[in-house]
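Close look at the chain arrangement
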Amino acid sequence: MALFHCVVRLSTVRGRYNDDFDDGEDIAEFDDNDFAEFEDVSEDPAVDVEKEPPPRAAPSSTPIEDDEDEATVENEDGQDEFEDADAQDQDMYSKYDNEEFEGYEKTNPSFKNTLIYREVPAHLQNSWESYYMEILMVTGLLAYIMNYIIGKNKNSRLAQAWFNSHRELLESNFALVGDDGTSKEATSTGKLNQENEHIYNLWCSGRVCCEGMLIQLKFLKRQDLLNVLARMMRPACDQVQVKVTLNDEDMDTFVFAVGSRKAMARLQKEMQDLSEFCGDKPKSGAKYGVPESLSILSEMGEVTDGVMDNKMVHYLTSHADKIESIHFSDQFSGPKVMQEEGQPLKLPETKKTLLFTFNVPGMGNTSPKDMDSLLPLMNMVIYSIDKVKKLRLNREGKQKADRNRARVEENFLKQTHTQRQEAAQTRREEKKRAEKERIMNEEDPDRQRRLEEAAQRREQKKLEKKQMKMKQIKVKAM
Amino acid sequence: MTVNNMADPRRPNKIFRYKPPNTETNPTLEDPTPDYMNLLGMVFSMCGLMLKLKWCAWIAVYCSFISFANSRSSEDTKQMMSSFMLSISAVVMSYLQNPQPMSPPW
């Protein structure tokens, strides 16, 4: 019976043993389970249970004890039962009973490498290296802020340099230099109006021959890093835009433009007045003694001859690289506006204007000194204002101009005629519908009848009126 | 110069006040960049907050910076500050919820 119990225990122990071996543990460390039967019964389960989950270091102590026990026991057993006890002892110690471990591979010492080292999560490590993306981002932001400050300052310095070099000329020509429109009294502020980090305005007024002059310094967006990078791909330059608005008596009726070829082609498509009045392709400037790079758009030849006098030609020739476009027009209304469908079109408001666009030399790499080179161009502007006042078309030219304007207006009315008709038609239909609804909604049959009769009478009257008109027209025609 | 030195071209009685150009009638004159960037910034910061994406929050910060750099001086500073604060809060919330560093897409 005892033997049976031992066998049972051995098998259960083996079962547990097998579990251990599933983890690939060394056989030697679980030596003690072999000889569990020689230990105290009460101790065994506790000891064995303890040993299974915990670290493997613990069993190392107990096998030594068991070996000692084992040693004493073995000797007794070996001497008693086996002849070659020594050999058997050796077998016991060095070899295992292979029957017990059938089906299990002998593990090799490399089991130690299968220990899995879990990585400590990056945010719990004490190093900043894992946060390199964040550091990159913050560095990028700092670079952006640095560029913003540098760009803003550069633009500001350029604007100030421009104003300093032009101040004298402007103050000698205009009574009001610098106005932001907010102060109660019209006093010169004497400084530029900053609209943006890259756009500066200056309004000058109080001069003969013109209403006022708006100068816009349109610098490159040096304060925006994205723009700076984009400009590395596509170079652009700072621009100075001058817009002179004139009173009706200051300018005769003509439309004229001169500038770089690209600019002229673009303006002819974009600008309302240039597309309507200057239908021909831009002519090369060489015909008028101006560099080949400039081309001219004009309403009629007489205008070109009138504008391109010697002084003007001299200005254009000596500063051709800085001139983007010059646009004189009495029908200026800005670029073409996309009209929405179904809206009744009105003729856009026009204003007599002289528009100058100059390119600042340096192609983006401008220094404050370059602003001085724009001073002659401002002289040209002043000269043009005076000239335009004096330029008058002769009788033929005037007639041609008037015909052109009448033609444009007619075309416009024709285009919108159908639209306006449709609009009037829809309005009339709506009125009729509203009336009919009112009649239908009227519950009293008497009132209904009366309203219907009234409507009918009104319609008849209208028809009669129309007929009368037609008769009158026929009579007149005859 | 054709301006006669004797005659002063200035006429103080002919002064006209400055009228800022009406941008409603001429929308082509306006630069839409700050408005687009503002909107993008808000969209990205909401994405970053809701979907817990760190890179969205960082892009939102960049967008609000770009919008600020391109804005007009007449524009409301409250709008700028609010979009800026929103993007910063998106970044902070993303890191509080998940302190792991951002992993690059490659």
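Being a predicted model, the structure only gives us computed values, none of them experimental.

Quick look at helix H11 (residues 310–318) of chain A
All names here are of chain A. Turning to H11, its buried residues are Met 312, Val 313, Tyr 315 and Leu 316. Buried residues in H11, looked at end-on, bunch into an arc of 160 degrees, giving them a common side. Opposite the buried face of H11, by more than 90 degrees, sit the exposed residues Asn 310 and His 314. Packing partners of the buried residues in H11 comprise strand S6 (255–260), strand S8 (294–298), helix H10 (301–307), strand S9 (323–332) and helix H12 (375–390).

Some details on a positive patch on the surface
Residue and element names in this part refer to chain A. Residues Arg 427, Arg 428, Lys 431, Lys 432, Lys 436, Arg 457, Lys 461, Lys 462, Lys 465, Lys 466 and Lys 469 make up a contiguous surface patch of positive charge. At the level of elements, helix H13 (395–441) and helix H14 (445–477) are the ones that each hand at least two residues to the positive patch. Here the positive patch takes six residues from H14, the largest share from any one element. Counting through the fold element by element, Lys 436 comes out in helix H13. Under the relative-accessibility criterion, Lys 436 is labelled exposed at 58%.

Side note on the interface of chain B and chain A
If you look at the interface, chain B gives 36 residues, while chain A gives 57 residues. With both sides pooled, the region where chain B packs onto chain A buries about 3900 Å², and carbon together with sulfur makes up 61% of that total. Asp 31 of chain B serves as the salt-bridge partner of Lys 221 of chain A, at 2.8 Å between the closest nitrogen and oxygen. No other element matches the nine residues that helix H2 (residues 54–70) of chain B contributes to the side of chain B that touches chain A.

Observations concerning the UniProt feature "transmembrane region" (unreviewed entry) in chain B
The sites that carry the UniProt feature "transmembrane region" (unreviewed entry) are, in the present numbering, residues 39–68 of chain B. Structurally, residues 39–68 of chain B is divided into 93% helix and 0% strand, and its ends, taken at the C-alpha atoms, are 12 Å apart.

Here we look at the packing of aromatic side chains
Across all of its chains, the model carries 10 aromatic pairs over all chains by this definition. For the ring pair Tyr 200 of chain A and Phe 219 of chain A, a centre distance of 6.1 Å and an interplane angle of 65 degrees mean the geometry is edge-to-face. Note that Tyr 200 of chain A is positioned in strand S3 (residues 199–207) and Phe 219 of chain A in the loop between strand S4 (210–218) and helix H7 (225–233), a separation of 19 residues in sequence. Classification of Tyr 200 of chain A as buried rests on a relative accessible area of 5%. Between Phe 65 of chain B and Phe 84 of chain B the ring centres are 5.2 Å apart and the planes differ by 80 degrees, which places this aromatic pair in the edge-to-face class. Of this pair, Phe 65 of chain B sits in helix H2 while Phe 84 of chain B sits in helix H3 (residues 77–97), and the two are 19 residues apart along the sequence. In this structure Phe 65 of chain B comes out as buried when scored by relative accessible area, which is 15%. The partly exposed category is assigned to Phe 84 of chain B, whose relative accessible area is 24%. The rings of Phe 256, Phe 328, Phe 356 and Phe 358 of chain A are connected pair by pair, giving a single aromatic cluster. Above the face of the Tyr 95 of chain B ring, Lys 54 of chain B is positioned so that its terminal group lies 5.2 Å from the ring centre.

Concerning the nonpolar core
Among the nonpolar cores identified, the biggest contains 60 residues, and Trp 162, Met 213, Ile 215, Val 242, Val 244, Phe 328 and Phe 356 of chain A are the most heavily contacted of them. With eight residues, H12 of chain A is the single largest residue contributor to this core. Filtering out sequence-adjacent residues up to four positions away, Phe 328 of chain A remains in contact with Met 251, Phe 254, Val 255, Phe 256, Val 307, Met 312, Thr 353, Leu 354, Phe 356, Ser 384 and Val 388 of chain A. Met 133 of chain A together with Phe 65, Ala 69 and Val 91 of chain B belong to the second largest nonpolar core, which has 17 residues in total.

With respect to unusual backbone geometry
Residue and element names in this part refer to chain A. Positive phi, normally seen in glycine, also occurs at Cys 209, with a value near 70 degrees. Residue position: Cys 209 is located in the loop between S3 and S4. By relative accessible area, Cys 209 is classed as buried at 11%.

Rules used throughout
Residues numbered from 1 in each chain as written. Chains lettered and ligands numbered in written order. Predicted model: local features only at pLDDT ≥ 70, side-chain atom pairs only at ≥ 80, totals over all residues. Heavy atoms only, no water. Buried < 20%, exposed > 50% of the residue type's maximum accessible area, 1.4 Å probe, protein only. Helix = DSSP H or I, 4+ residues; strand = E, 2+ residues; numbered from the N terminus. Arc of directions from axis to C-beta. Contact = heavy atoms within 4.5 Å. Patch = residues over 30% accessible without salt bridge, like charges linked within 9 Å, V, L, I, M, F, W, Y side chains within 5 Å. Areas by Shrake-Rupley, 256 points an atom, 1.4 Å probe, with all protein chains shown as cover. Salt bridge = Lys/Arg side-chain N within 4 Å of Asp/Glu carboxyl O. Lys, Arg positive; Asp, Glu negative; His and termini not counted. Charge placed at Lys NZ, Arg CZ, Asp CG, Glu CD. Buried area = accessible area lost by both parts, 1.4 Å probe. UniProt positions renumbered as here; feature names shortened; annotations may be inferred. Phe/Tyr/Trp six-rings, centres within 6.5 Å; stacked < 30°, edge-to-face > 60°. Lys NZ or Arg CZ within 6 Å of the ring centre and 35° of its normal. Core = buried A, V, L, I, M, F, W, Y, C linked by side-chain atoms within 4.5 Å.

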